[in-house]
Protein chains: 2
Amino acid sequence: MASNKPSVPKGTRDFSPAEMAKRNYIFDTIKTVFRKYGYQEIQTPSMENLETLTGKYGDEGDKLIFKILNNGDLINQSLLKSFDKLLNLLNERGFEVDLLNVENEDWGHGNKDQKVSWRDITNKLFDQIFEKLRFDSDDLFELYQSTSLKLGNTVSEKALRYDLTVPFARYVVSHQSEITFPFKRFQVQPVWRADRPQKGRYREFYQCDADVVGSDSLLNEAEFILIYDEALSNFGLKDFTIKINNRKILSGLAEIIGKPQLIVDMTVAIDKLDKIGLTGVSKELLERGFTEEDLQKLTPVILLEGNNEEKVNTLKTVLATSEIGLKGITEIEAVFAYLKNCTIKTAKLELDITLARGLNYYTGAIFEVKTNEVAMGSIGGGGRYDDLTGMFDSKQKLTGAGISFGADRIYDVLEELKLFPEDATQGTQVLICCFDREFENYGFTLVNQLRQQEIRAELYPPGAKIKKQLDYADKKSIAFTIMIGSEEMQSGLLSFKNMQTGEQQKLSADNILTKLKA
Amino acid sequence: MASNKPSVPKGTRDFSPAEMAKRNYIFDTIKTVFRKYGYQEIQTPSMENLETLTGKYGDEGDKLIFKILNNGDLINQSLLKSFDKLLNLLNERGFEVDLLNVENEDWGHGNKDQKVSWRDITNKLFDQIFEKLRFDSDDLFELYQSTSLKLGNTVSEKALRYDLTVPFARYVVSHQSEITFPFKRFQVQPVWRADRPQKGRYREFYQCDADVVGSDSLLNEAEFILIYDEALSNFGLKDFTIKINNRKILSGLAEIIGKPQLIVDMTVAIDKLDKIGLTGVSKELLERGFTEEDLQKLTPVILLEGNNEEKVNTLKTVLATSEIGLKGITEIEAVFAYLKNCTIKTAKLELDITLARGLNYYTGAIFEVKTNEVAMGSIGGGGRYDDLTGMFDSKQKLTGAGISFGADRIYDVLEELKLFPEDATQGTQVLICCFDREFENYGFTLVNQLRQQEIRAELYPPGAKIKKQLDYADKKSIAFTIMIGSEEMQSGLLSFKNMQTGEQQKLSADNILTKLKA
């Protein structure tokens, strides 16, 4: 049977009970922190209208959107459109085609028992064409293309969401009148991308976002840092860095050089400092249109060192003549000032002006989170944006800021560091095993007593060998077993076994209950 | 802007924070009970391979499966197939078509800068055809159809899951070697159906299933009844009925009449007793191929009255000569016997032989749950089946049983009965409002102190009018507000307001904390 085992589509995954327990632990931990900071959960449909999604992710992104085929009669309606097009072509050439007077028929369905079948229509039509007309190949290409290649567009009106941001923007516009701003929402749902699957990249994966819209207060930025700190500390991470930058600082840098139009080239090059060093970055900057003179201005910034305060002071000097640059510094200083009054548990906070993620989107703060314990890409990121709903021609400009947790990567980090707590991922706490079917009623009564005390308990259906039952407990990582045989029934003392240590005791049901509740 | 507001696809829904809180309450309550009985969560991908789903739901069901369009180059590959077909047609007729020697080109992409463009190929091909050959219309129809009508099948290889049962069966086959049986799993995920949307029927909705496979013990049936009882009692429902039947009893009835092949007709008719009464049922039975003599045997069963024990006794007499019928009764008696030793909190248990849901699928117990407090369809159902994985040609026959909760209907019931508990759906517990921006730092310190005590707290970004801040608390159903002005700063006593009663007190921060934690 191994040969024709059904499989899941490429790039998608099943999650086993053990994996789900760990995933739930991650999501629950993050959600609890979101809620503590006033963020509320929403959900949007898995599918959005195609027009809601297209054009929002660039050409490359658009290609990765999973489209949903319209069902049933819509395919025929698209076929009908092709016929219309063909008829127009024919008419333009002064040739009158009689479409069999089927206009009043039910075109929508194409049932076999329809008076005139599709086959009849097609045959007749082609006959007419071939008998009487010689098309040039362009027209035929059009016909051909409109019924095949382009069919993809006419038969799909819905698509699976590609991220949580665009559906959120759509949600805000759809519900603008019901929402009280500032609107602090979080959303944990799967997204789908027709990316080429590879290690760590899936076609279905969860995103885990929190955003506030309708507030320009930098309090929000400070709180995002606290949220990262608290959630990741709760996972037991001991060493991670929250990098912060501000788009306005990057704009300021491009401005003082007099090349604001090269801001993207500048940041792309600077971003590579870690990999290619100053020499590499300088070379790339020259290739991308900067001069030696520009480099002199940029180098101190690229090599920016010291603690955050020292960095801020250096930047103030460099950006002294740039209004927008100074504004960026003021914003970062304000965020740092808020945080001075707070207890940051674990996070290192690092001003990093080479941080440029989402540059086209963010207008203020930019965040990125990295663990220093495991080699791994960023496990979180976000920033501030000026206009969430502009993509939907909303008149009201809504500023906002948001962050995201990379749940799949966090999973890998916790796995590698063995940080998943046992009790958080524990399913059934105790399994009751009967040596014989005759103890079934006793076992069933006991299991229900345990459950009444909110203990997660199971009775293995009596009749199986005890080894099989213990094996079940073992495989399911059940912490304790209770064994019931004739000896136990007589004495009233049940065999209570710690499955991890192997330790076994004879205890009354009451004592077992007390132990389990401890 | 109301005019071109973006909307969600027909039959799908956004869930607001208030709705999500209620939905989470429902799912969390059910999941907690599932876990208490040893069921573990799994998740399967939203999309399955088309062949995994098709043929499992009948012709009508197949039509309602949402198919996902293959992306990018696969459409061209399907076009390529059409060309191949055309070439074959041509070759069969002894005509050699030179496909421009493009076989070694990258057919997969069709970029504009490809040496030979699709347009070139198409034009050339059609030219050749039109110059040299006269097809009969059948061939052309084939070509046409293979590139348009049938395109729907070639361009989709994946589909959204239609229910949780088939993906679960697929999961069991895929992971058979890793699973420890009996496998008790639950799954709470959305499913998609291209049904005509109408009140209470959606194209995307959550199913909430628990199944055990690999165990034929009737303990499982008894536990399902306990799970229903516990979960629905936890919701605060005061009056609901769990109906139970057994497919073998229905088989037995058809057997004693000597018309086992009419079992479906029999149950469909009997099922209508509530609506059309005995006269109606009898009439329908006669129409469906039963005789007056058959009716005499069936009538006492249709009118079966009394408590469950009395019903069982009547059935024993009626089914005395049917082995399978008696087996069904024995099974039901066993389930009742298990339950005698348990505390059933609220549920009424009713043997109802007119219950026939999922008749084609279930082979043993059949369940259905109805609330008696609100007019509403069933809020749960399930049963036992013989062979979960047979649909995938699995050699190992896996018997199992499962139940399902109707989350959307439970939502409506709890809403109508006003049973959603306030604390379960409460988001932020306290909002801190500053009369002036100068109190911001104090407010920020306070909000973080509250959060350190695990209180869900927010600081409204200072600067807004106090009325606007209180309005925000009101709209977000925040229970308490703390107001900070110069008087409060001087005295150290903060204004603490209960938003529901309007009661306001001056309290120290410590006292407020104590009150909030109480």
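For the structure, check the block above.
Residues numbered from 1 in each chain as written. Chains lettered and ligands numbered in written order. Predicted model: local features only at pLDDT ≥ 70, side-chain atom pairs only at ≥ 80, totals over all residues. Heavy atoms only, no water.

Before going further, it helps to examine the pairing of strand β16 (residues 504–507) of chain B. Residues and elements named next belong to chain B. The pairing of strand β15 (residues 494–498) with β16 spans four bridges and is classified as antiparallel. Within β16, the residue paired with Lys497 across the bridge is Gln504. Here β15 hands over to β16 after five residues, with Gly502 in that stretch at a positive phi of 85°. (Pairing = 2+ DSSP bridges. Helix = DSSP H or I, 4+ residues; strand = E, 2+ residues; numbered from the N terminus.)

This brings us to the pairing of strand β10 (residues 380–385) of chain A. Regular strands place side chains that alternate from one sheet face to the opposite one. Residues and elements named next belong to chain A. β10 sits mainly inside the fold: six of its six residues count as buried. Covered by surrounding structure in β10 are Gly380, Gly382 and Arg384 together with Gly381, Gly383 and Tyr385, the residues of both alternating faces. With four bridges joining them, strand β9 (residues 365–371) and β10 adopt antiparallel strand pairing. Across the sheet, residue Phe367 finds its bridge partner in β10, namely Gly382. Two strands pair when backbone bridges link them, and β10 and strand β11 (residues 400–405) are joined in this way by six bridges, in the antiparallel orientation. Each residue of the ladder has a partner; that of Gly383, found in β11, is Gly402. (Buried < 20%, exposed > 50% of the residue type's maximum accessible area, 1.4 Å probe, protein only.)

Our next topic: the side chain of Glu458 of chain A. Residue and element names in this part refer to chain A. Along the chain, Glu458 falls in strand β13 (residues 457–459). Glu458 sits in the buried class, given a relative accessible area of 2%. Side chain to side chain, Glu458 and Lys476 meet in a polar contact 2.8 Å long. (Polar contact = N/O pair within 3.5 Å; in protein donor to acceptor, adjacent residues only side chain to side chain.)

Next up on the list: the side chain of Lys184 of chain B. Here Lys184 of chain B lies in strand β5 (residues 183–192). Side chain to side chain, Lys184 of chain B and Glu458 of chain A meet in a polar contact 3.4 Å long. Setting aside chain neighbours within four positions, we find Lys184 of chain B in contact with Glu458, Tyr472 and Lys476 of chain A together with Tyr37, Gly38, Tyr39, Gln40, Asp211, Val212 and Glu223 of chain B. (Contact = heavy atoms within 4.5 Å.)

Let's shift gears to the sheet that holds strand β15 (residues 494–498) of chain A. All names here are of chain A. A sheet is described by the order of its strands in space; here five strands give the open sequence β13-β12-β14-β15-β16, paired in mixed fashion. Both edges of this open sheet fall to β13 and β16 (504–507), since each of them pairs with a single strand only. Ignoring strand direction, the axes of neighbouring strands in this sheet form an average angle of 25°. (Axes fitted to C-alpha atoms, helices over the stretch in contact; angles between N-to-C directions.)

This part takes up the pattern of salt bridges. One pass over the structure, following the stated rule, counts 60 salt bridges over all chains. A salt bridge links Lys36 of chain A to Glu230 of chain A; the shortest N-O distance between them is 2.4 Å. Of the two residues, Lys36 of chain A is situated in helix α1 (residues 17–36) and Glu230 of chain A in helix α9 (residues 219–234); the sequence distance between them amounts to 194 residues. Take Lys36 of chain A and Glu230 of chain A: they sit in the same class, and that class is buried. Residues Arg170 of chain A and Asp14 of chain B are paired through a salt bridge, measuring 2.7 Å at the closest nitrogen-oxygen approach. With Arg170 of chain A in helix α8 (residues 165–174) and Asp14 of chain B in the segment before α1 (17–36), the pair connects residues from two separate chains. Accessibility assignment for this pair places Arg170 of chain A and Asp14 of chain B in one class, buried. Through salt bridges with shared partners, one network takes in Lys184 and Glu223 of chain A together with Arg451, Glu458 and Lys476 of chain B. (Salt bridge = Lys/Arg side-chain N within 4 Å of Asp/Glu carboxyl O.)

So, about the packing of helix α10 (residues 247–256) of chain A against helix α15 (residues 323–340) of chain A. Residues and elements named next belong to chain A. It is the contact of α10 with α15, at a shortest axis distance of 7 Å, that shows an interaxial angle of 155°. Classified by the angle their axes make, α10 and α15 are roughly antiparallel. For α10 against α15, the interelement crossing comes out left-handed. Taking contact as the criterion, the partners of Lys248, Ile249, Ser251, Gly252 and Glu255 in α10 are, on α15, Glu323, Ile324, Gly325, Lys327, Gly328, Ile329, Glu331 and Ile332. Class assignment of the residues belonging to the contact of α10 with α15 gives a composition of four nonpolar, four polar and five charged. (Parallel < 35°, antiparallel > 145°, perpendicular 65-115°, else oblique. Left-handed = near helix turned anticlockwise from the far one by under 90°. Nonpolar A, V, L, I, M, F, W, Y, C, P; charged D, E, K, R; others polar.)

Attention now goes to the packing of aromatic side chains. Any two aromatic rings considered together are summarised by their centre-to-centre distance and by the angle between their planes. Evaluated as defined, the whole model comprises 36 aromatic pairs over all chains. Measuring from centroid to centroid gives 5.1 Å for Tyr460 of chain B and Tyr472 of chain B, while their planes differ by 85°, and the two rings are edge-to-face. Here Tyr472 of chain B lies in helix α18 (residues 466–475) and Tyr460 of chain B lies in the loop between β13 (457–459) and α18, a separation of twelve residues in the sequence. Comparing Tyr460 of chain B with Tyr472 of chain B shows no difference in burial state: the two are buried. Taken together through their ring pairs, the aromatic side chains of Phe34, Tyr39, Phe186, Phe224, Tyr228, Phe367 and Phe405 of chain A make up a single cluster. Lying over the aromatic face of Tyr202 of chain A, Arg13 of chain A brings its terminal NZ or CZ to 3.4 Å of the ring centre. Across from the ring centre of Phe168 of chain B, 3.9 Å away, lies the NZ or CZ of Arg185 of chain B, which sits over that ring. (Phe/Tyr/Trp six-rings, centres within 6.5 Å; stacked < 30°, edge-to-face > 60°. Lys NZ or Arg CZ within 6 Å of the ring centre and 35° of its normal.)

As a further point, take the environment of Thr165 of chain B. All names here are of chain B. By the element assignment, Thr165 lies in helix α8 (residues 165–174). Distance in space between the C-alpha atoms of Thr165 and Ser477 is 39 Å, their sequence separation being 312 residues. Those residues in contact with Thr165 that sit more than four places away from it in its chain are Asp209, Tyr361 and Leu388.

The next subject is the environment of Glu438 of chain A. Residue and element names in this part refer to chain A. Tracing the chain through its elements places Glu438 in the loop between β12 (430–434) and α17 (440–452). Classification of Glu438 as exposed rests on a relative accessible area of 61%. Sequence separation between Glu438 and Val264 is 174 residues; the distance between their C-alpha atoms is 77 Å.

Attention now goes to helix α11 (residues 263–270) of chain A. Buried residues of α11 of chain A: Ile263, Met266, Thr267, Ala269 and Ile270 of chain A, and no others. Along the axis of α11 of chain A, the buried residues cluster in a sector spanning 160°; they form a single face. (Arc of directions from axis to C-beta.)

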